[in-house]
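Chain by chain, the residues:
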Amino acid sequence: MKDNQKELKDDIKTYFDLGLKEGSSDIAIVETNYEKEHGRIERRKYYLSYDISCIHDLEKWSTIKAIGRIDVYREENNKAKITTHFYILSSNFTIDTFISSTRYHWNIECNLHWRLDVIMDEDHSRNRKVHSIDNLFIKKIIFNLARLDTSMGDNLTLKQKMIRYTSNFKNIENLIFHVIPYNIL
């Protein structure tokens, strides 16, 4: 859940905060072991409940069957940070399915969007409502075309290629007139 559904998020946050404080038996809890990857140490605590009575506007949210929360404890560069994520589920998943589904979701998020964020500075892009889908589509096309381009060598990162495209128009000409037709045929 993101902050664009503030009331729903507040309902779920309050439910878990009160339920955990009171030791509610309606909340399934699983805590993972510490994982060490990419220079950071993480541990997750998963919470899942099928009690959706906390949601004030159940008519609007009639497809919700369960709610979840994940607390991520992360230590990086000797600094600890805790982030909390809330989820709404349209099925009565088991806690194990909830865990694997959320991990799978974040793997997709990291693999697909991280590159666009880092290489094309997507997070700082000011998308206008009217053109946002078109602009995202064009960025993804450019991203994929640049991946096909081996004319600058195989050792360049995508970010380095993008810099070369913006600094020398000949590289763009090569992409349009040589790389694309070669890869399409």
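The paragraphs below set out a description of the structure included in this document. (Residues numbered from 1 in each chain as written. Predicted model: local features only at pLDDT ≥ 70, side-chain atom pairs only at ≥ 80, totals over all residues. Heavy atoms only, no water.)

Let us now look at the packing of aromatic side chains. Applying the stated criterion across every chain yields a total of four aromatic pairs. Pairing phenylalanine 16 with tyrosine 47 gives two aromatic rings, centres 6.3 Å apart and planes at 50 degrees, and the pair type is tilted. Taken together, the residues span a long stretch of sequence, with phenylalanine 16 in helix 1 (residues 6–22) and tyrosine 47 in strand 3 (residues 40–49) at a distance of 31 residues. Accessibility expressed as a relative area gives 0% for phenylalanine 16, which makes it buried. Residue classification places tyrosine 47 among the buried positions, given a relative accessible area of 4%. When the ring of tyrosine 87 is compared with that of phenylalanine 98, the centres are 5.6 Å apart and the planes differ by 80 degrees; the resulting orientation is edge-to-face. Of this pair, tyrosine 87 sits in strand 5 (residues 79–89) while phenylalanine 98 is found in helix 2 (residues 95–120), placing the two residues 11 residues apart along the sequence. Here the two residues tyrosine 87 and phenylalanine 98 agree in accessibility, since each one is buried. Taken together, Tyr15, Phe16 and Tyr47 form an aromatic cluster joined through their ring pairs. (Phe/Tyr/Trp six-rings, centres within 6.5 Å; stacked < 30°, edge-to-face > 60°. Helix = DSSP H or I, 4+ residues; strand = E, 2+ residues; numbered from the N terminus. Buried < 20%, exposed > 50% of the residue type's maximum accessible area, 1.4 Å probe, protein only.)

Leu8, Ile12, Tyr15, Phe16, Ile55, Ile64 and Ile67 are the most contacted members of the largest nonpolar core, which totals 13 residues. Top element by residues in this core is helix 1. It accounts for four residues. Among residues more than four places away in sequence, those in contact with isoleucine 12 are Met1, Cys54, Ile67, Phe86, Tyr87 and Ile88. (Core = buried A, V, L, I, M, F, W, Y, C linked by side-chain atoms within 4.5 Å. Contact = heavy atoms within 4.5 Å.)

Okay, the pairing of strand 5 next. Regular strands place side chains that alternate from one sheet face to the opposite one. As paired strands, strand 4 (residues 66–76) and strand 5 are joined by 11 bridges and run antiparallel to one another. Within the sheet, the bridge partner assigned to arginine 69 lies in strand 5 and is phenylalanine 86. Taking the residues between adjacent antiparallel strands as the criterion, strand 4 and strand 5 are bridged by two residues, where asparagine 77 takes a positive phi near 55 degrees. (Pairing = 2+ DSSP bridges.)

A few words now on the environment of methionine 162. Along the polypeptide, methionine 162 turns up in helix 4 (residues 158–167). On the basis of relative accessibility, which here comes to 16%, the residue methionine 162 falls in the buried class. As for methionine 162 and isoleucine 172, which are separated by 10 residues in sequence, their C-alpha atoms are 9.7 Å apart.

Geometry only, nothing functional implied.
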